[in-house]
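# An overview of the molecular structure
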Amino acid sequence: MPILRSTFIALSRNRPLRRFCENSRLGVRLSSRFVAGMEIEGALRTAQAVNQQGIAVTLDSLGESVTSEAEAHRAADIYHQLLDRVAARKLNAHISVKLTQMGLELSPNLAESITQSLAQHAHATDNFIRIDMEDSRLTQVTLDIVRRLHAHPESRGSIGVVIQAYLYRSQADVEQLIAEGIRVRLCKGAYKEPAGVAFPRKVDVDENFIRLSCMLLDSPVYHALATHDDAMIAAIKSYAAEHGIAPSHFEFQMLYGIKRDLQRKLVQEGYKVRVYVPFGSDWYPYFMRRLAERPANVVFLARNFFRS
Ligand code: FDA
């Protein structure tokens with residue numbers, strides 16, 4: 001299984017295969033299980049349908065690592081449109097943004113100023129922007145930018161970040177973010193990281209995920225616990241129940257198209273659930289990371305493809 005995971009992560013960076021898949025009808029059809037269409041309108045329709053099931057949404061306009069300033073501004077413009085259209089339709093939908101898509105690898109200052117205007121727009125429309133976490137080379141710069149934007153009066157409280165339980169540093173980061181009142185989405189982590197920075201064994205990642213979840217639940221700030229893992233969810237529920245933490249004090253988050261029954265069951269049990277809804281033509285690396293998490297998805301997709 002670890003070999004398959006590495007293979008899919010390596011494939012996620014393969015440019016010729018990416019070009020081929022993104023332009024093929026077969027690729028678009030297969031990706032539709034995890035990606036809500038290629039355009040803003042499709043994503044908003046999906047958000048509305050998900051909201052109707054009592055589930056909140058966070059919208060991700062797919063794309064990472066832009067290569068020009070103009071591209072970064074175009075990517076941000078899609079998010080500005082999303083914020084306006086979410087407000088106009090009164091959807092329950094945040095936005096999730098990757099700093100490399102806002103130009104982080106071209107210039108951290110560029111990414112910060114573009115993200116600052118998004119955070120201010122989110123604040124002005126009573127919405128919220130979550131900064132996704134990318135690979136570990138970018139952890140520190142991402143946290144620094146989020147901290148500065150959170151401290152800004154025009155975006156304070158409207159920006160949060162993601163912490164990955166597989167990184168050794170995450171406990172210290174969680175402590176600091178809690179002290180600063182910054183909202184965290186905790187996930188296990190989706191990138192291939194060296195053993196020098198991340199726990200190589202799943203059992204250690206899971207243990208750290210539960211430890212960090214308990215710290216977040218104990219804090220006065222509203223956080224998100226992002227996982228499809230039944231064992232993690234059971235541990236969170238029982239910690240909350242034992243410590244008198246109300247279900248309204250936190251939310252579970254899951255990815256669009258994954259464990260839909262579990263999402264609905266949690267809502268029926270009175271928990272808050274938010275689904276991460278990605279859309280757009282740059283779906284290939286996202287899709288490959290989902291296959292890396294669960295290589296059995298290839299069989300699942302193939303079966304559904306030939307059935308339909
Ligand atoms: P784990 O991988 O152990 O899976 C537990 C079980 O869940 C599996 O046995 C399977 O049943 C099911 N499952 C998990 N993944 C599946 C899949 N792809 N298809 C079908 N079933 C699946 N990562 C990151 O590095 N930076 C980020 O910013 C984010 N953001 C983010 C937001 C949200 C809302 C979610 C849910 C996840 C992320 N992630 C992320 C991804 C995260 O790091 C992680 O890779 C996945 O959530 C898979 O980990 P699980 O906690 O689900 O457990």
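In this text, all values refer to a predicted model and were calculated from it rather than measured experimentally.

Looking now at the domain arrangement of the chain. Looking at the chain, the domain boundaries give domain 1 (1-35 + 289-308) and domain 2 (37-282). Domain 1 and domain 2 are separated by 23 Å when their C-alpha centres are compared. Taken residue by residue, the interface counts 15 residues in domain 1 and 19 residues in domain 2. Both faces combined, the contact of domain 1 with domain 2 buries some 1,400 Å², and carbon together with sulfur accounts for 49% of it. At the junction of domain 1 with domain 2, the criterion picks out 1 salt bridge. Between Asp282 and Arg18 there is a salt bridge, with the nearest N and O atoms lying 3.8 Å from each other.

Glancing now at the nonpolar core. Within the largest apolar cluster, 79 residues are counted, with the highest numbers of intra-cluster contacts made by Leu59, Met102, Ile129 and Phe250. The biggest single contributor to this core is helix H5 (residues 69-89), with 7 residues. With residues up to four places along the chain from it excluded, the contact list for Leu59 reads Ala43, Leu44, Ala47, Tyr79, Leu82, Val86, Ala93, His94, Ile95, Ser96 and Val277. Cys21, Phe34, Val35 and Leu62 belong to the second largest nonpolar core, which has 17 residues in total.

Further remarks concern the sheet that holds strand E1 (residues 56-61). Pairing between the strands of a sheet is mediated by backbone hydrogen bonds and can be parallel or antiparallel. Around the barrel, 8 strands lie side by side as E1-E2-E3-E4-E5-E6-E7-E8; this closed barrel has parallel pairing. Taking the axes of each pair of neighbouring strands and ignoring which way they run, one obtains an average angle of 30° across the sheet. Relative to strand E4 (residues 159-164), strand E3 (residues 129-131) is paired through 3 bridges, and the arrangement is parallel. The residue bridging Ile129 from the neighbouring strand is Ile159, located in E4. Of the strands in this sheet, E3 and E4 are in contact with helix H7 (residues 139-151), which crosses E4 at around 155°. Helix H10 (residues 230-242) rests against strand E6 (223-226) and strand E7 (250-255) of the sheet, and its axis sits at about 170° to E7.

So, about the site of the ligand. For the ligand, the set of nearby residues contains 25 residues, the closest of which are Lys188, Gly189, Lys202, Thr227 and Glu293. One of the side-chain N or O atoms of Gln164 is found 2.9 Å from an oxygen atom in the ligand. The protein chains hide 86% of the 920 Å² of surface that the ligand would expose on its own. The set of elements that each furnish at least two residues to the shell around the ligand consists of E4, strand E5 (183-187), E7 and helix H12 (284-293).

Where helix H1 (residues 2-12) is concerned, the buried positions are Phe8, Ile9 and Ser12. Considered in projection along H1, the buried side chains sweep an arc of 100° and stay on one side of the axis.

This part is about the pairing of strand E8 (residues 273-279). Here E8 lies mainly inside the structure; 7 of its 7 residues are buried. Neither face of E8 is left uncovered, since the one carrying Val273, Val275, Val277 and Phe279 and the one carrying Arg274, Tyr276 and Pro278 both have all their residues buried. Pairing analysis gives 6 bridges linking E1 to E8, with the strands arranged parallel. Each residue of the ladder has a partner; that of Leu59, found in E8, is Val277. Pairing analysis gives 4 bridges linking E7 to E8, with the strands arranged parallel. Looking across to E8, one finds that Leu255 is bridged to Tyr276. At this point the chain moves from E7, through helix H11 (residues 260-268), to the parallel E8, and the crossover so formed is right-handed.

So, how was this worked out
Residues numbered from 1 in each chain as written. Predicted model: local features only at pLDDT ≥ 70, side-chain atom pairs only at ≥ 80, totals over all residues. Heavy atoms only, no water. Domains from an automatic or database assignment. Contact = heavy atoms within 4.5 Å. Buried area = accessible area lost by both parts, 1.4 Å probe. Salt bridge = Lys/Arg side-chain N within 4 Å of Asp/Glu carboxyl O. Core = buried A, V, L, I, M, F, W, Y, C linked by side-chain atoms within 4.5 Å. Buried < 20%, exposed > 50% of the residue type's maximum accessible area, 1.4 Å probe, protein only. Helix = DSSP H or I, 4+ residues; strand = E, 2+ residues; numbered from the N terminus. Pairing = 2+ DSSP bridges. Axes fitted to C-alpha atoms, helices over the stretch in contact; angles between N-to-C directions. Near = heavy atom within 4 Å. Polar contact = N/O pair within 3.5 Å; in protein donor to acceptor, adjacent residues only side chain to side chain. Areas by Shrake-Rupley, 256 points an atom, 1.4 Å probe, with all protein chains shown as cover. Arc of directions from axis to C-beta. Right-handed = clockwise from strand over helix to strand, strands pointing away.

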